[in-house]
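# Coordinate analysis (summary)
In case you want the letters, here they are:
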Amino acid sequence: MSPVPHLPLAELGRLLQCDTPPPSASTQTLAGWKMERDDAPIFSYLYRQHQPRRHLEFGTWQGFGTCLCLESCAATVWTLNLPDGEAKFDGSWAYGERVTDESQSPSGAMRVNFGQDEAGPRTYHRTDAASYIGRLYREKHLGHRVCQIYCDSCIWDTAAYPSGFFDSVLIDGGHQAEVVISDTRKALPLLRTGGLMLWHDFCPLPDVIAAAPAVQGVTAAIETLRSELDQQCSALFWIDPSYLLLGIKK
Ligand SMILES: C[S@@+](CC[C@H](N)C(=O)[O-])C[C@H]1O[C@@H](n2cnc3c(N)ncnc32)[C@H](O)[C@@H]1O
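Right, let's walk through the structure included here. Here the structure is a predicted model, which means the values were calculated and not measured.

## What about the overall build of the chain?
Helix and strand counts for the chain stand at 7 helices and 11 strands. Its C-alpha atoms give the chain principal-axis dimensions of about 55 × 40 × 35 Å. A burial count over the chain gives 38% of its 250 residues as buried. Excluding contacts between residues fewer than 6 apart, the proportion of contacts in the chain whose partners are at least 24 apart in sequence is 63%.

Following this line, the structure appears as C-alpha cells:
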C-alpha cells in the first residue's frame, strides 16, 4: 500500500475550494507540537470554511476541540466520552492533574488525595471523568449546542442516526488501534457525501511515530483501514505539518 499522501498546509484552501488562505504553518518542530497551539488554528480554519451544521467528535475530554468547532461555525456538536475516564493498561489514569487551587476546578470532580507535601495537599483530579468532561464549553455557555454522550465509543449504538447525518467528524477518543478502527467504521456511514473526516494524532513521520504511543495507535489503525478509506473517500491527506489526517467522503 502506498504511503498516505502529504498535503502542504498552504494548499488546504485549494483542496476545500475556498479563497480564504489557511493559517501559516507553526514554526514548532513536530516533536514539540501542541494541539492547543499548533493544530488549533488548522481545526478552526477547517470548521470556518466547511461550516458543518452537525459535527461529531469522538473523545470530548475537557471540551477544547468541541469549543474550536462551536466558535468557528453555527454547528451543534455530538460528542462522546467514557463517563469515568480512560484507564491505562496498569489501571492508572490516562488524564489527571495535581490541583492546588480547588476553586479553579469544576465541582463534582473525581479526585484522590495522597496526603501533603511542602507545596500543600497532594490532590489529583481525573480530568477526563465526571464534571471535567466538557467543562470548557459549559464555562463558555455553549452547552446548549452540545449533545454530550457518555459511553465507551466501542459500544455506542448508532442505529438512531440516519446515514449521512453529520457534516464532519473528528476521531480523537481512545488512541488504541482497535478503538480508532471501531470509531472510524461507526463514523463513516454517518458522514454525508462531501463531509470532512478528521483523525487527530496522525503523523506518518517515523521519528514522530516512534516517540508517541498515541500516534502509533492511530497510524496502525489507518494502515489497517486504508483500502476502506480509499474506497469511501475522494481525498485522504496528511496535512503537513500537523497531527491531522483529513478525508473527504465520496
Ligand atoms: C485526546 S482526548 C480528547 C481531546 C479532545 N478531542 C480535544 O480536542 O480537546 C481523548 C479522550 O477520549 C476519551 N476516551 C478514551 N477512550 C474512549 C472510548 N473508548 N470511548 C469514549 N471516549 C474515550 C478519554 O477519556 C479522553 O477524554
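## A look at the sheet that holds strand β4 (residues 96-99)
Spatially, the 3 strands line up as an open sheet ordered β4-β6-β5, and their pairing is antiparallel. Across the chains shown, the open sheet's two edge strands, defined by having one partner strand only, are β4 and β5 (110-117). Pairwise comparison of adjacent strand axes, ignoring direction, gives a mean angle of 25° for this sheet.

## With respect to the pairing of strand β2 (residues 54-58)
For β2, the buried fraction is high: 4 of the 5 residues fall into the buried class. Remark: the β2/helix α3 (residues 64-70)/strand β3 (residues 76-81) crossover connection has right-handed handedness. As defined by bridge partners, β2 adjoins strand β8 (residues 166-171) across 4 bridges and the pair is classed as parallel. Each residue of the ladder has a partner; that of F58, found in β8, is I171.

## A short note on the sheet that holds β8
As summarised here, the arrangement of the 8 strands in space is β1-β10-β11-β9-β8-β2-β3-β7, forming an open sheet in which the pairing is mixed. Looking at which strands have only one partner, the edges of the open sheet turn out to be β1 (6-8) and β7 (146-150). In this sheet, adjacent strand axes meet at a mean angle of 20° when their direction is disregarded. As judged from the 5 bridges shared by β8 and strand β9 (residues 191-200), these two strands associate in the parallel manner.

## Topic: the environment of I209
Secondary-structure assignment places I209 in helix α6 (residues 206-211). Given 16 C-beta atoms within a 10 Å radius, I209 is considered partly exposed. Note: C-alpha distance between I209 and E86 (123 residues apart in sequence) is 22 Å. With residues up to four places along the chain from it excluded, the contact list for I209 reads C203, V215, Q216 and T219.

Each value, and the rule that gives it
- Residues numbered from 1 in each chain as written.
- Predicted model: local features only at pLDDT ≥ 70, side-chain atom pairs only at ≥ 80, totals over all residues.
- Helix = DSSP H or I, 4+ residues; strand = E, 2+ residues; numbered from the N terminus.
- Buried ≥ 20, exposed ≤ 12 C-beta atoms within 10 Å, placed from the backbone.
- Contact = placed C-beta atoms within 7 Å.
- Pairing = 2+ DSSP bridges.
- Axes fitted to C-alpha atoms, helices over the stretch in contact; angles between N-to-C directions.
- Right-handed = clockwise from strand over helix to strand, strands pointing away.

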